Amino acid sequence: MRLKQSHRFRAYSRKMSLLILTLFVASVVADFDFLDEHNARRRDVSPSASNMRKLKWSNELADLAWSHAVTCSFGHNNPQSSIFNYVGQNIASSDPRISAKEIVKMWDNEKSKYNYYSNTCSGICGHYTQVNWANTEYVGCAVVDCSFGSFYVCNYGEGGNFNNARPYNQGTPCSGCPTGYSCENKLCV
């Protein structure tokens, strides 16, 4: 009898290990989806940006996003980082769950409400300007299923959206990269 229980436990343990591995891989894929879509949107701003930095993933920002998302309290919070002085934040919800790419695309679509030349917004466009804030270099995101649907949170370091400032400088891509940066597919790296 003991042998059968032990065998069942090992089979259960293997299934749990496989489930945990599957969830980890799904999480990593979602991380890359958030990151890749942000960078795709940043390289294709119009007018083109001379100083747009390529985003990198921040585990700290992702952990802060997760900590907020699991509360299922839809709204912005004020994440405190040990690395960044100011953390920007985009949030969204959907029911049913949609992909990370679709969420970033939704935020970026606010560009139709933003006029770069006059630096004005005719509606909601703060998500767009944060996605495309040139000096932001790190992002971390999370998504959690809540009673109202899926809750998406992306945190940005350093955050953007400063009053009266444009999200980036217009010009030939990478012509205004900070000292020590090079150019990779229209983004400063």
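Draft legend 1. Main features of the sheet that holds strand E1 (residues 56–57). Pairing in this open sheet of four strands is mixed, and the strands run E1-E5-E6-E2 from one edge to the other. The sheet is open, and its two borders are formed by E1 and strand E2 (87–94), each paired with just one other strand. In this sheet, strand E6 (residues 149–157) lies alongside strand E5 (residues 138–146) in antiparallel orientation, the contact comprising nine bridges. Bridge pairing in E6 places tyrosine 138 opposite glycine 157. Helix-sheet contacts for helix H2 (residues 59–69) involve E1, E2, E5 and E6, and the interaxial angle to E5 is about 25°. Taken strand by strand, helix H3 (residues 100–108) contacts E2 and E6, and its axis lies near 110° from that of E2.

Draft legend 2. Representation of the confidence of the model for the protein chain in the model. In this model, the protein chain carries an average pLDDT of 88, and 84% of its residues clear a pLDDT of 70 or more. This stretch, residues 1–29, has a pLDDT under 50; its non-local contacts, to residues over four places away or in other chains, come to zero contacts.

Draft legend 3. Representation of empty space enclosed by the protein within the structure. Counted under the stated rule, the structure contains one cavity of 30 Å³ or more. In this model, the largest cavity occupies a volume close to 40 Å³. Lining the largest cavity, in full, are Arg42, Arg43, Val45, Ser48, Ala49, Met52, Pro173 and Lys186. Class assignment for the residues of the lining of the largest cavity results in four nonpolar, one polar and three charged.

Draft legend 4. Spatial organisation of the packing of aromatic side chains. Taken as a whole and judged by the stated rule, the model has nine aromatic pairs. With a centroid separation of 5.9 Å and 75° between ring planes, the pair formed by phenylalanine 74 and phenylalanine 148 is classed as edge-to-face. Taken as a pair, phenylalanine 74 in the loop between H2 and E2 and phenylalanine 148 in the loop between E5 and E6 lie far apart in primary sequence, 74 residues in all. According to the relative accessible area criterion, phenylalanine 148 is partly exposed, its value standing at 30%. Ring-pair connections join several aromatic residues into one group, and the members of that group are Phe74, Phe148 and Phe151. Just above the ring of tyrosine 116 sits the side chain of arginine 166; from NZ or CZ to the centre is 5.2 Å.

Conventions we followed
- Residues numbered from 1 in each chain as written.
- Predicted model: local features only at pLDDT ≥ 70, side-chain atom pairs only at ≥ 80, totals over all residues.
- Heavy atoms only, no water.
- Pairing = 2+ DSSP bridges.
- Helix = DSSP H or I, 4+ residues; strand = E, 2+ residues; numbered from the N terminus.
- Contact = heavy atoms within 4.5 Å.
- Axes fitted to C-alpha atoms, helices over the stretch in contact; angles between N-to-C directions.
- pLDDT = per-residue confidence, 0-100.
- 1 Å grid on protein atoms, 1.4 Å probe; cavity = no way out; pocket = protein on both sides within 12 Å on 5 of 7 lines; lining within 4 Å.
- Points joined across faces, edges and corners; volume = space filled by probe spheres on them.
- Nonpolar A, V, L, I, M, F, W, Y, C, P; charged D, E, K, R; others polar.
- Phe/Tyr/Trp six-rings, centres within 6.5 Å; stacked < 30°, edge-to-face > 60°.
- Buried < 20%, exposed > 50% of the residue type's maximum accessible area, 1.4 Å probe, protein only.
- Lys NZ or Arg CZ within 6 Å of the ring centre and 35° of its normal.

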